[in-house]
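# Architecture at a glance
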Amino acid sequence: MSVHAAANREAWVHPDEIRVQFSRAMSALYKAEVPLYGELLALVGQVNQQALEQDAELAERLQLTGEIQRLDLERHGAIRLGCAAELATIRRLFAVMGMFPVGYYDLSCAGVPVHSTAFRAIHEGSLQHSPFRVFTSLLRLELIENPALRELAASVLEGRRIFTPRAIELIERCEQAGGLEQAEAAEFIEQALETFRWHREATVSAALYQQLSEQHRLIADVVAFKGPHINHLTPRTLDIDAVQAGMLRRGIDPKAIIEGPPARRCPILLRQTSFKALHEPVVFVEDNGDRTLGSHSARFGEIEQRGAALTAKGRALYDRLLDNARQAGEAYVPVLIAQFAEFPDDYASLRRQQLAYFRYFVSPAGLAAKARGELASDLEALLAAGHLCCEPLVYEDFLPVSAAGIFQSNLGDAGRNSYGHSANQDVFERDLGAAVYDELALYAETQQRSLAQCAEQLGLAELLGD
Ligand code: OOG
Ligand code: NI
């Protein structure tokens, strides 16, 4: 790092702050582009307010974890990229705002020709500042069977530039200098936003759009447009069933089934529902330069309710129960509820059976006991005495089966069942230019840091989880 850069460090805008501002700008952009999103935000805000008023315990818990402050900021978006170079550059763009690739999702086995990761903050302090996430998929052109069409799609993608030249310059500047100053950060946000904007004008002819669409609607969505328009922006609700009911009352039609686990007293992972994609007018550009009008549906609404992050053991149980319910086929929801009777639904059991990750806090009683020299030394005894308390860590990631359900419900039923098992994390990481973070390791680290902090506050040598 140059001397000049080091001297400027004070002036740099923190990546967390760039992310807060970018997420706000993205929300404003999407509200202007898709008014239904604004309506959704209003509904979710109302429902969340009610949930907090009606459930004092929930309000208290969210206060303790700090989730209450981040709730109104909390949302995720999704984009679909066309080629490796785009994925590698988007990684560098997100890094400027403190977002890193977490997890690998193979959706080809569910008939969607993409694989994906989620860009998000990875430290609990940064997540608290802004939990903004972007589910980012890369199209797998190799799954197009027709070689001529595959070539054509590849050459269309090769010719497009989804980043503004100035955005690239600012990414490079940030990488070289180590940060961005106020004016640069503001410009970066403006320039980066351009990548996610909707473009009414397609890059292909109506005939090519049709051909791509017949291969897979998603292929047309990626290949035929100028950039990876953000296709939804999802607010977090505290009560997804109430929002679903509210949507119906307002005449907005959600998909039939809420993805994820059934409703529970102690929410786990992620429950999501979405609303049909809009039909949007587009303009195709014919080979002779003529324009023809058409329509495309890409962008939709989605809401989600987040619960506890599960350990590998908890996740294995979740996957097994979900799979059982899906195998059963008919009467999905009652079967799902029956299956999940096996999943403990109180936080004490989730913790004791090591099914979920937790964050630990020293209570006022704990500090008083320390002052009296009456502290127990192991975790269970401290919890039993009320000297420590704990709250589940919120799940910050996504679920592949849910994601496939969301993709499919917005692609119509023209999709296919499967491309066979072709998960390929190595190729994805090569294209990305980096390894993805292991989400379970991140939760485990957060849990461990909270224990270390408790130990320090209580003057204990060590507190071990698990
Ligand atoms: C992404 C679908 C997945 C989620 O919340 O699981 C997703 C897409 O349609 O591009 O957003
Ligand atoms: Ni989503």
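Preceding block: the structure.
Residues numbered from 1 in each chain as written. Chains lettered and ligands numbered in written order. Predicted model: local features only at pLDDT ≥ 70, side-chain atom pairs only at ≥ 80, totals over all residues. Heavy atoms only, no water.

## Comments concerning the overall build of the protein chain
Within the protein chain, the regular secondary structure consists of 21 helices and 11 strands. Over its C-alpha trace the protein chain gives a radius of gyration of 23 Å, about what one expects of a compact globule, namely 23 Å for 466 residues. The buried share of the protein chain, reckoned over its 466 residues, is 55%. Nonlocal contacts in the protein chain, meaning residues at least 24 apart in sequence, comprise 74% of its contacts between residues at least 6 apart. Counting every atom, the protein chain has about 19,900 Å² of accessible surface; 52% of that belongs to carbon and sulfur. The protein chain carries 45 positive and 62 negative side-chain charges, and their two centres are separated by 1 Å. (Helix = DSSP H or I, 4+ residues; strand = E, 2+ residues; numbered from the N terminus. Rg over C-alpha atoms; globule rule 2.2 N^0.38 Å. Buried < 20%, exposed > 50% of the residue type's maximum accessible area, 1.4 Å probe, protein only. Contact = heavy atoms within 4.5 Å. Areas by Shrake-Rupley, 256 points an atom, 1.4 Å probe, with all protein chains shown as cover. Lys, Arg positive; Asp, Glu negative; His and termini not counted. Charge placed at Lys NZ, Arg CZ, Asp CG, Glu CD.)

## Quick look at the layout of surface pockets
What the largest pocket holds in volume is close to 800 Å³. Lining the largest pocket are 41 residues, and of these Asp-55, Leu-58, Leu-238, Pro-267 and Gln-305 sit closest to its centre. Residue assignment for the lining of the largest pocket shows that the elements contributing at least two residues are α3 (35–54), α4 (56–65), α13 (240–249), β9 (301–306) and β11 (388–392). Its residues assigned to classes, the lining of the largest pocket shows 18 nonpolar, 8 polar and 15 charged. What the second largest pocket holds in volume is close to 470 Å³. Arg-326, Pro-400, Val-401, Ala-404 and Gly-405 are the residues nearest the centre of the second largest pocket, which is lined by 25 residues in total. For the lining of the second largest pocket, a count of residues per class yields 14 nonpolar, 5 polar and 6 charged. (1 Å grid on protein atoms, 1.4 Å probe; cavity = no way out; pocket = protein on both sides within 12 Å on 5 of 7 lines; lining within 4 Å. Points joined across faces, edges and corners; volume = space filled by probe spheres on them. Nonpolar A, V, L, I, M, F, W, Y, C, P; charged D, E, K, R; others polar.)

## As for the coordination of the nickel ion (ligand 2)
Donor atoms from the polypeptide that bind the nickel ion (ligand 2) are His-76 (NE2), His-232 (NE2) and Glu-302 (OE), placed at 2.1 Å. Here the donor residues of the nickel ion (ligand 2) are spaced in sequence according to H-x155-H-x69-E. With His-76 in strand β1 (residues 75–81) and Glu-302 in strand β9, this pair connects stretches of sequence that are 226 residues apart. Take His-76 and Glu-302: they sit in the same class, and that class is buried. (Donors = N, O, S within 2.8 Å, 3.2 Å for Na, K, Ca; no water.)

## Description of the nonpolar core
Grouped together as the largest cluster of nonpolar side chains are 71 residues, with contacts concentrated most on Leu-139, Tyr-318, Phe-343, Leu-350, Leu-388 and Leu-463. With 40 residues, the next largest nonpolar core counts Tyr-30, Val-96, Ile-189 and Phe-196 among its residues. (Core = buried A, V, L, I, M, F, W, Y, C linked by side-chain atoms within 4.5 Å.)

## Details of the sheet that holds β1
Taken together, 5 strands build an open sheet; the order of strands is β2-β3-β4-β1-β5 and the sheet is mixed. In this open sheet, the two strands that pair with only one neighbour each are β2 (100–106) and β5 (233–235). Pairwise comparison of adjacent strand axes, ignoring direction, gives a mean angle of 20° for this sheet. Pairing of β1 with strand β4 (residues 133–139) involves 6 bridges; the strand directions are parallel. By the bridge assignment, Ala-78 is partnered in β4 with Phe-135. (Pairing = 2+ DSSP bridges. Axes fitted to C-alpha atoms, helices over the stretch in contact; angles between N-to-C directions.)

## Description of the site of ligand 1
Surrounding ligand 1, one finds His-76, Ala-78, Arg-80, Phe-135, Asn-231, His-232, Gln-272, Phe-300, Glu-302, Phe-398, Ala-403 and Phe-407. One nitrogen or oxygen atom from the side chain of His-76 is found 3.0 Å from an oxygen atom belonging to ligand 1. His-232 has a polar side-chain atom sitting 2.8 Å from an oxygen atom of ligand 1. Residue assignment for the shell around ligand 1 shows that the elements contributing at least two residues are β1 and α19 (400–409). The leading source of residues in the shell around ligand 1 is β1, at 3 residues. For the shell around ligand 1, the residue count by class is 6 nonpolar, 4 polar and 2 charged. (Near = heavy atom within 4 Å. Polar contact = N/O pair within 3.5 Å; in protein donor to acceptor, adjacent residues only side chain to side chain.)

## Section: the pairing of β2
The buried fraction of β2 is high, at 6 of 7 residues. Across 5 bridges, the pairing between β2 and strand β3 (residues 114–120) is antiparallel. Bridging across to β3, Val-102 finds its partner in Ala-118.

## Focus on a nonpolar patch on the surface
Together, Ile-257, Val-333 and Ile-337 line one region of the surface with nonpolar side chains, adding up to about 230 Å² of accessible area. Along the polypeptide, Val-333 turns up in helix α15 (residues 332–339). (Patch = residues over 30% accessible without salt bridge, like charges linked within 9 Å, V, L, I, M, F, W, Y side chains within 5 Å. Salt bridge = Lys/Arg side-chain N within 4 Å of Asp/Glu carboxyl O.)

## Concerning the pairing of strand β10 (residues 358–362)
Across the 5 residues of β10, 5 count as buried, placing the element largely inside the fold. Alternating positions in β10 separate into two faces, Phe-358, Tyr-360 and Val-362 on one and Arg-359 and Phe-361 on the other, with burial throughout. Of the pairings in the sheet, the one linking β10 to β11 comprises 5 bridges and is antiparallel in character. If you follow Tyr-360 over to β11, its bridge partner there is Cys-390.

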